[in-house]
Amino acid sequence: MADPSRIDHYEIVDTLGRGSMGVLYRARDLSSGADVAIKILASELLSNARAVERFKREIRSTIQLEHPHLVLALGAGQFDGQYYYVMEYVEGSNVKRLLRSKGRFEIPQALQVATQVARALAYAGEFGLVHRDIK
């Protein structure tokens, strides 16, 4: 499937990334004007019942989380046969990209990042969740 220009009431603005499970887009909510991130399950996985269930489980898991160091899940749905879920859009980079572009962090900054990540992981762990793709 080619990149869509619209998903439900969201207008696609940019592609943020592609992974084994799907594509992450930056989009604009046409009803509120807010920027959001939308993850869509890869079309080649739609016939894979395990992949679809894993994607749905990811949605169910993340939608219950609310923590200052985790992206907030806003909703989910199906549009034109594609499963998607909507998250808050956070401007900026991730730790992996920052390390590649700027080199290693000074100790105080490294401690701050590690503490924030540890708190977010501990919070998710309270729900029985283990994140497999930490950036």
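Quick caveat, the model's predicted, so the values are computed rather than measured.

Reading guide: rules and limits
Residues numbered from 1 in each chain as written. Predicted model: local features only at pLDDT ≥ 70, side-chain atom pairs only at ≥ 80, totals over all residues. Heavy atoms only, no water. Helix = DSSP H or I, 4+ residues; strand = E, 2+ residues; numbered from the N terminus. Pairing = 2+ DSSP bridges. Contact = heavy atoms within 4.5 Å. Axes fitted to C-alpha atoms, helices over the stretch in contact; angles between N-to-C directions. Buried < 20%, exposed > 50% of the residue type's maximum accessible area, 1.4 Å probe, protein only. Core = buried A, V, L, I, M, F, W, Y, C linked by side-chain atoms within 4.5 Å. Salt bridge = Lys/Arg side-chain N within 4 Å of Asp/Glu carboxyl O.

A.B. asks: Can you help me understand unusual backbone geometry in this one?
C.D. replies: A negative phi angle characterises most non-glycine residues, just as the trans form characterises most peptide bonds. Despite not being glycine, D8 has its phi angle at roughly 55°, a positive value. Among the structural elements, D8 can be located in the loop between β1 (6-7) and β2 (10-18). One non-glycine residue, D80, adopts positive backbone phi at about 50°. Within the secondary structure, D80 sits in the loop between β5 (73-79) and β6 (82-88).

A.B. asks: Just to check I follow, could you spell out the sheet that holds strand β3 (residues 22-29) for this structure?
C.D. replies: Within a sheet, neighbouring strands are paired by backbone hydrogen bonds and run either parallel or antiparallel to one another. With antiparallel pairing, the six strands of this open sheet are ordered in space as β1-β2-β3-β4-β6-β5. Each edge of the open sheet is held by one strand with a lone partner, namely β1 and β5. With five bridges joining them, strand β4 (residues 35-41) and β6 adopt antiparallel strand pairing. Note that in β6 the partner of V36 across the bridge is E88. Relative to β6, helix α1 (residues 49-63) is tilted by about 25°, and along the sheet it contacts β4, β5 and β6.

A.B. asks: Explanation requested: the environment of V52 in the structure shown.
C.D. replies: By the element assignment, V52 lies in helix α1. On the accessibility criterion, V52 (9% relative accessible area) is buried. Once the C-alpha coordinates of V52 and Q116 are considered, the two residues, 64 residues apart in sequence, prove to be 31 Å apart.

A.B. asks: Before we go on, may I ask you to explain the nonpolar core in this structure?
C.D. replies: When a protein is soluble and globular, its nonpolar side chains tend to lie buried together. By size, the foremost hydrophobic cluster in this structure holds twelve residues: M21, A37, L41, A42, L45, A51, V52, F55, I59, Y83, Y85 and M87. Elements with a minimum of two residues in this core: β4, α1 and β6. Broken down by element, the residue count for this core peaks at four residues, all from α1. With sequence-adjacent residues up to four places away left out, Y83 is seen in contact with K39, I40, L41, L46, V52, F55, K56, G77 and Q78. One finds I7, Y10, I12 and V23 within the second-largest nonpolar core, a separate group that totals eleven residues.

A.B. asks: What am I meant to see in the pattern of salt bridges here?
C.D. replies: Pairing between side chains of opposite charge can happen when the charged atoms of each approach one another. One pass over the full model with this rule turns up four salt bridges. In this structure, R26 and D35 form a salt bridge, with 3.4 Å as the shortest nitrogen-oxygen distance. Residue R60 pairs with E53 through a salt bridge whose shortest N-O separation is 2.7 Å. Owing to a relative accessible area of 34%, E53 belongs among the partly exposed residues under this scheme. Put simply, R26, R28 and D35 are held in one network by salt bridges that share partners.

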